[in-house]
Amino acid sequence: MRVLTIFCPECGEKALIKKSNRKHKELSDLYCACRDPECGHTFVLNLTFSHTLMPSAKNKDTLLLDVIKNLSPEQREKALTLLQGM
Ligand SMILES: [Zn+2]
């Protein structure tokens with residue numbers, strides 16, 4: 001697994017994440033400190049969610065349930081017949 005490497009925007013040395021503050025499920029503030037003691041710069045980075053490449057498997061049941069809820073009684077019968085034939 002790769003670990004996020006943070007660089008100090010002032011001197012370019014590696015920096016450490018001291019604390020993270022989750023402001024929203026898709027947005028965190030990362031409190032960082034430069035590793036170079038001669039620099040000592042501390043700063044905040046924003047970490048934001050960008051986009052999905054592969055949807056979460058945890059949402060598949062929700063999707064299925066939404067589909068089932070929107071079926072008419074006739075469509076449900078038909079789906080059931082189709083499933084039983086598998
Ligand atoms: Zn620095």
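Residues numbered from 1 in each chain as written. Predicted model: local features only at pLDDT ≥ 70, side-chain atom pairs only at ≥ 80, totals over all residues. Heavy atoms only, no water.

### Details of the packing of aromatic side chains
Summed over all chains, the structure comprises zero aromatic pairs. Lys-19 extends its terminal NZ or CZ atom over the ring of Tyr-31, reaching a point 4.6 Å from the ring centre. (Phe/Tyr/Trp six-rings, centres within 6.5 Å; stacked < 30°, edge-to-face > 60°. Lys NZ or Arg CZ within 6 Å of the ring centre and 35° of its normal.)

### Observations concerning the coordination of the zinc ion
Those protein atoms acting as donors to the zinc ion are Cys-8 (SG), Cys-11 (SG), Cys-34 (SG) and Cys-39 (SG), and they sit at 2.2 to 2.4 Å. Considering all four donor atoms around the zinc ion, the spread of angles at the metal, 100 to 114°, places the coordination shape in the tetrahedral class. Donor residues for the zinc ion sit on one chain with the sequence pattern C-x2-C-x22-C-x4-C. With Cys-8 in the loop between strand E1 (6–7) and strand E2 (14–24) and Cys-34 in strand E3 (residues 27–34), this pair connects stretches of sequence that are 26 residues apart. (Donors = N, O, S within 2.8 Å, 3.2 Å for Na, K, Ca; no water. Tetrahedral: all angles 85-135°; square planar, octahedral: opposite > 155°, others 65-115°. Helix = DSSP H or I, 4+ residues; strand = E, 2+ residues; numbered from the N terminus.)

### A look at the domain arrangement of the protein
Assigned domains of the protein: these are domain 1 (1–51) and domain 2 (52–86). Taking only C-alpha atoms, the centre of domain 1 and the centre of domain 2 are 42 Å apart. (Domains from an automatic or database assignment.)

### Some words on the environment of Ser-28
Considering the arrangement of structural elements, one finds Ser-28 in strand E3. Taking C-alpha positions, Ser-28 is 5.1 Å from Leu-47, a pair spaced 19 residues apart along the chain. With sequence-adjacent residues up to four places away left out, Ser-28 is seen in contact with Asn-21, Arg-22, Lys-23, Leu-45, Asn-46 and Leu-47. (Contact = heavy atoms within 4.5 Å.)

### A look at the pairing of E3
The element E3 is largely enclosed, with a buried count of six among its eight residues. Summarising the sheet, E2 and E3 pair through eight bridges and their orientation is antiparallel. Along E3, the bridge assignment pairs Lys-19 with Tyr-31. Where E3 and strand E4 (residues 42–48) come together, seven bridges link them in antiparallel fashion. In the sheet register, Cys-32 faces E4, and the bridge partner there is Phe-43. (Buried < 20%, exposed > 50% of the residue type's maximum accessible area, 1.4 Å probe, protein only. Pairing = 2+ DSSP bridges.)

### Points about the sheet that holds E1
In space, the four strands of this open sheet follow the order E1-E2-E3-E4, with antiparallel pairing throughout. Every interior strand has two partners, whereas the edge strands, E1 and E4, have only one.

### A look at the UniProt feature "domain: Zinc finger Ogr/Delta-type" (unreviewed entry) in the protein
As recorded in UniProt, the feature "domain: Zinc finger Ogr/Delta-type" (unreviewed entry) lies at residues 8–53. Here residues 8–53 runs as 0% helix and 57% strand, with 30 Å between its end C-alpha atoms. (UniProt positions renumbered as here; feature names shortened; annotations may be inferred.)

### A word on the environment of Leu-4
Inspection of the secondary structure assignment puts Leu-4 in the segment before E1. Among the residues examined, Leu-4 registers a relative accessible area of 51% and is labelled exposed. Filtering out sequence-adjacent residues up to four positions away, Leu-4 remains in contact with Ile-17 and Leu-30.

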